[in-house]
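The chain contents come next:
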Amino acid sequence: MSIPSVLKDHPTPHRLLHVKVTVQGYIGKYFSSGSVTLNIVRNSRKFYFVKEICFQLSLGLQRHFWGGGGGNNFVVLALTGMASFGTDKIPSKSMITFITTLCIIWCFLLSGTLALSLTIKFPLDILAEPLSSVKIITLVTGGAYIALAALSSARFSVKSIFKCCFIVGLSCIVYHFIAVLFGAPAIESSRETFHFAMLLSTLTVVPSCCLLGSDISRWSTVYASFRSTLGAETAVYLTSVCTLAGAWLGAFPIPLDWDRPWQVWPISCVLGSLFGYCLGLLAAAIYIPYKYKELSKMKLI
């Protein structure tokens, strides 16, 4: 397919054209409309590609009010979404290899530790001593992320460090409150609930603080707009989502009458969050090099 002349002659080197298509009509009594927006850009090699696809679908029920001045009123249900391909800031091949290797090593170490702790109860005994095990995992994981942040090229100001500490502390309280809302003991097992909240904060918020800092706009870009750049941001996003999903799934066996020691609060949720975190690391180790290889084939890097 030939490149349109409007793209060839456009003076902007990066973002070239916005294409929006809107369709409206009636489906029975329902008024519906939809629009699709394409953002077409090019890289330094003059390769044209679609960076973002934004879509919006609306479905409204038309109602006519006969009283008063009359007229039409639409009750509209809207669905909006965006798919971004995140090709603005792609790390080098060596950085992709380093992140992938780090995810594999950390996944192997953590999953191996969990398997040993559940079988031979070494080096941890999560079933018999869940609180001390959570403390050790929290210290080791949090310390590893802080060490990586200190060794990286990122520089954090003193103000940003204090903000990150505040965010981590606040997240522990928020996770504790959410766990209670989902049915965790509010008073009887408050220590266990807080340790579980501390673990979730270490696996989700601490990596984000070490990578994104205290800039709320960067957090919004990664977690709200789903536009994490390929590399460390993608790994942090995948591990955070899988950790929370694992913690949620880990709560399902608790009310069952199996009488197993791992059904005691919060052991199953701790195990679910840790296995979900390992699954996120594995997913990142597979997805990041695969996506980098696809972008290399398209000559976007």
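## Some points on the environment of Gly 183
Along the chain, Gly 183 falls in the loop between α4 (158-181) and α5 (190-212). We classify Gly 183 as exposed; its relative accessible area is 62%. Residues Gly 183 and Ala 251 lie 68 residues apart in sequence; the distance between their C-alpha atoms is 9.5 Å.

## A word on the packing of aromatic side chains
Per the counting criterion, the structure on display carries five aromatic pairs. Relative to Phe 252, the ring of Trp 248 lies with its centre 5.1 Å away and its plane at 85°, an arrangement referred to as edge-to-face. On the accessibility criterion, Phe 252 (49% relative accessible area) is partly exposed. With 6.1 Å between their ring centres and 65° between their planes, Trp 258 and Trp 262 make a pair best called edge-to-face. What makes Trp 262 partly exposed here is its relative accessible area of 27%. Through a chain of ring-to-ring contacts, three or more aromatic side chains come together here, namely Trp 219, Tyr 223 and Tyr 237.

## Points about a nonpolar patch on the surface
Together, Phe 166, Leu 170, Ile 173, Val 174, Phe 177, Ile 178, Leu 181, Phe 182, Trp 248, Leu 249 and Phe 252 line one region of the surface with nonpolar side chains, adding up to about 1,200 Å² of accessible area. Counting residues per element, the ones that place at least two in the nonpolar patch are α4 and α7 (232-249). Element by element, the count of residues in the nonpolar patch is highest for α4, at seven residues. Examined against the element boundaries, Ile 178 turns out to sit in helix α4.

## Section: the pattern of salt bridges
Pairing is possible between side chains that carry opposite charge, provided their charged atoms lie close to one another. Applying the stated rule across the entire model yields one salt bridge. Close ionic contact of Arg 218 with Glu 233 constitutes a salt bridge, the shortest N to O distance being 3.5 Å. Placement of the pair is Arg 218 in helix α6 (residues 216-224) and Glu 233 in helix α7, with a sequence separation of 15 residues. The exposure class assigned to Arg 218 is partly exposed, which follows from its relative accessible area of 33%. Overall, the relative accessible area of 14% leaves Glu 233 in the buried class.

The rules behind the values
- Each chain carries its own residue numbering, running from 1 in the direction its sequence is written.
- Selection of residues for local features in this predicted model requires a pLDDT of at least 70, selection of side-chain atom pairs for listing and counting requires 80 or more, and totals for whole chains, interfaces and linings are taken over all residues.
- Water and hydrogen atoms play no part in the side-chain values, which are based on all heavy atoms of the structure.
- Helix numbering and strand numbering both begin at the N terminus, where a helix is a DSSP run of H or I of at least 4 residues and a strand a DSSP run of E of at least 2.
- Exposure is judged per residue with a 1.4 Å probe applied to protein chains only, and the accessible area is read against the type maximum: over 50% gives exposed, under 20% gives buried, and values in between give partly exposed.
- Any two rings among Phe, Tyr and Trp, with Trp reduced to its six-membered ring, count as a pair given centres within 6.5 Å; such a pair is stacked if its planes are under 30 degrees apart, edge-to-face if over 60, and tilted if neither.
- Patch membership needs two things, relative accessible area over 30% and no salt bridge, and members are linked within 9 Å if like-charged or within 5 Å if nonpolar (Val, Leu, Ile, Met, Phe, Trp, Tyr).
- Each accessible area value is a Shrake-Rupley result obtained with a 1.4 Å probe; residue values ignore everything except the protein chains displayed when judging cover.
- Put simply, a salt bridge is a Lys or Arg side-chain nitrogen that is within 4 Å of an Asp or Glu carboxyl oxygen.

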